[in-house]
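# Summary of structural features
The lines below spell out each chain.
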Amino acid sequence: MAQAPDPIQPPGTFSRDSDDPWTPVQRRTGLVALGLFALLGLWTLRVFLPAVGWAIILAVSLWPWRQRAVSLWPGGADFTWPALFTLTVALFFVLPLVMVAHAVTTDGRFALQWVLDVRAHGLAMPDFVAHLPAGPAIAAWWDTHLAKPGALGNLGLPGADGHSPFGTGQHLLGLVLHRLVLAVFLLLILFFLLRDGERVASSLRVGCERAFGAAGVNVAMQALRAVRGTVNGLVVVGFGEGVLLGLVYELCGAPHAALLGLLTGLLSVVPMGSVVAAAVAAGLLASADKMLFAVVVAVISAVVIFIADHFVRPVMIGDATRLPFLVVLLGILGGIEALGLIGLVVGPSLMAVLMLLWREWVGSQQGPLNPAHASPRVPDEAPELP
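In this text, all values refer to a predicted model and were calculated from it rather than measured experimentally.

### What about the overall build of the protein?
- In terms of regular secondary structure, the protein is built from 10 helices and 0 strands.
- Secondary structure of the protein in N-to-C order comes out as α-α-α-α-α-α-α-α-α-α.
- The burial tally for the protein puts 30% of its 386 residues in the buried class.
- Counting contacts in the protein only where the partners sit at least 6 residues apart, residues at least 24 apart contribute 68% of the total.
- Counting only carbon and sulfur atoms, one obtains 72% of the accessible surface of the protein, whose full area is about 25,100 Å².

If you want it as structure tokens, here you go:
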């Protein structure tokens, strides 16, 4: 009869107390094999990596709230609390995104029809353009690229050739089903992370300590806090701004309120970016002779953005991970360019980790790279420039 395998014990139960039994050649060979297996695993899961990434981001952000809930009722740690948090994410994140996607698709049809009309008849230049300082040059460019029928197609814009930028209906249906499947797997992975997060975190902590020592664990924990603060401060606050101001746009009768709310939420990640979206909404209302509603949108948007940027976001991000404007902007744009939509979170989070490590490296912040017993050093005077 075959011997039953040993039961799985908590991480860190077994450790090597004797000398290293591997030779240097065996150690290098094992590391190469481990790297190949890791790459093979990532390649196998490449389709689901976006869902895994978003699930990890949401789990890291929600973990403190999950811990508070478990402290109130420990019996719900295995199913009830993870299911409730997953359902909350589905209701407040996934469902609104589906609704916004539907609204954007509807607005996109109107935008495509507008592009087709401009392509067929040209776009007349507004009268105020001629009075601008560079009016003649702008008028000449406008007449060449926009005013003449068919000139819009030379710009290479999506939909300018008369075809939908989303492809055929069958292709669009396939994309929607693919995103729906990823959303289901995202929620499923999030449930298991919220349920078994302590075991996963313990495994990662033990593996990090065996690979990099205690200092590596400290760096990883501070990096985790930086990621959580960045996610909460940028994504959660931006999502809240987008939903709240989107409702204001809808109540005030702004055209395409869902699209403007999505734009507000996305631009709110960039410092002062939500101001641009709110100004667009107020401008559209003013152009439709709804001056009172335009003023209401401008005032409410100013109050919401001021409170979010000066009170809510600093508390959620924390002083240790606050980033300069340029670093945030480069992290967002670079992250989106390199990783797609998930780069909206990964880019600023990575910049926060790098900025945190740099501050510790130069000694401007206490952390694992600086000895805890070291006394503060008086910085040298800056050399005088010739």
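### Details of the packing of aromatic side chains
- For the structure shown, the criterion picks out 4 aromatic pairs.
- Between Trp-73 and Trp-81, the ring centres sit 6.3 Å apart and the planes meet at 70°, which makes this aromatic pair edge-to-face.
- Look at Phe-191 and Phe-192: their rings are 5.4 Å apart centre to centre, the planes differ by 80°, and that puts the pair in the edge-to-face class.
- Taking relative accessible area as the criterion, Phe-191 reaches 13% and is therefore assigned buried.
- Every member of this aromatic cluster is reached through a ring pair, and the members are Phe-79, Phe-191 and Phe-192.
- Positioned over the ring face of Trp-43 is Arg-46, at 4.4 Å from the centre of the ring.

### Some points on the nonpolar core
- Of all hydrophobic cores here, the largest spans 19 residues; its most connected members are Val-89, Leu-190 and Leu-194.
- At the level of elements, α2 (49-72), α3 (80-121) and α5 (169-251) are the ones that each hand at least two residues to this core.
- In terms of residue count, the dominant contributor to this core is α2 (8 residues).
- Beyond its immediate stretch of four places on either side in the chain, Leu-190 contacts Ala-55, Leu-58, Ala-59, Thr-86 and Val-89.
- Counting residues in hydrophobic clusters, the runner-up holds 15 residues, among them Val-248, Ala-254, Ala-257 and Ala-278.

### With respect to the pattern of salt bridges
- All chains considered together, the criterion is met by 2 salt bridges.
- A salt bridge links Glu-198 to Arg-66, with the nearest nitrogen and oxygen atoms 3.7 Å apart. Taken as a pair, Glu-198 in helix α5 and Arg-66 in helix α2 lie far apart in primary sequence, 132 residues in all.
- A salt bridge links Arg-195 to Asp-196; its shortest N-O distance comes to 3.0 Å.
- Owing to a relative accessible area of 29%, Asp-196 belongs among the partly exposed residues under this scheme.

### Overview of the side chain of Ser-61
- Tracing the chain through its elements places Ser-61 in helix α2.
- Aside from chain neighbours lying at most four places away, what touches Ser-61 is Arg-228, Val-231, Asn-232 and Val-236.

### Comments concerning a nonpolar patch on the surface
- A surface patch of nonpolar side chains, amounting to about 610 Å² of accessible area, comprises Val-295, Val-299, Val-303, Phe-306, Ile-307, Phe-311 and Val-312.
- Assignment of secondary structure puts Phe-306 in helix α8 (residues 291-317).
- Its relative accessible area of 45% is what places Phe-306 among the partly exposed residues.

### What to know about the packing of helix α9 (residues 325-339) against helix α10 (residues 343-361)
- Direction vectors running N to C along α9 and α10 enclose 130°, while the axes themselves pass 7 Å from each other. With respect to α10, the element α9 is oriented oblique. Read as a crossing pair, α9 and α10 show a hand that is right-handed. Counting all contacts with α9, which are made through Val-327, Gly-331, Ile-332, Gly-335, Ile-336 and Leu-339, the residues of α10 involved are Gly-343, Leu-344, Val-346, Gly-347, Pro-348, Met-351 and Met-355.

### With respect to α2
- Along its 24 residues, α2 runs 33 Å from first to last C-alpha, staying within 8% of the 34 Å computed at 1.5 Å per residue.
- A bend of about 50° at Trp-63 is the largest found in α2, and the proline Pro-64 appears one to four places after it.

### Observations regarding the packing of helix α6 (residues 257-267) against helix α7 (residues 273-287)
- Close contact between α6 and α7 brings their axes to 7 Å; oriented N to C, the two are set at 160°. Relative to α7, the element α6 is oriented roughly antiparallel. Note that α6 runs across α7; the crossing there is right-handed. Here Leu-260, Leu-263, Thr-264 and Leu-267 of α6 come into contact with α7, specifically with Gly-273, Ser-274, Val-276, Ala-277, Val-280, Ala-281 and Leu-284.
- By residue class, the composition of the contact of α6 with α7 is 8 nonpolar, 3 polar and no charged.

Definitions and limits used
- Residues numbered from 1 in each chain as written.
- Predicted model: local features only at pLDDT ≥ 70, side-chain atom pairs only at ≥ 80, totals over all residues.
- Heavy atoms only, no water.
- Helix = DSSP H or I, 4+ residues; strand = E, 2+ residues; numbered from the N terminus.
- Buried < 20%, exposed > 50% of the residue type's maximum accessible area, 1.4 Å probe, protein only.
- Contact = heavy atoms within 4.5 Å.
- Areas by Shrake-Rupley, 256 points an atom, 1.4 Å probe, with all protein chains shown as cover.
- Phe/Tyr/Trp six-rings, centres within 6.5 Å; stacked < 30°, edge-to-face > 60°.
- Lys NZ or Arg CZ within 6 Å of the ring centre and 35° of its normal.
- Core = buried A, V, L, I, M, F, W, Y, C linked by side-chain atoms within 4.5 Å.
- Salt bridge = Lys/Arg side-chain N within 4 Å of Asp/Glu carboxyl O.
- Patch = residues over 30% accessible without salt bridge, like charges linked within 9 Å, V, L, I, M, F, W, Y side chains within 5 Å.
- Axes fitted to C-alpha atoms, helices over the stretch in contact; angles between N-to-C directions.
- Parallel < 35°, antiparallel > 145°, perpendicular 65-115°, else oblique.
- Left-handed = near helix turned anticlockwise from the far one by under 90°.
- Expected span 1.5 Å × (residues − 1).
- Bend = angle between axes of the 7 residues up to and from the residue.
- Nonpolar A, V, L, I, M, F, W, Y, C, P; charged D, E, K, R; others polar.

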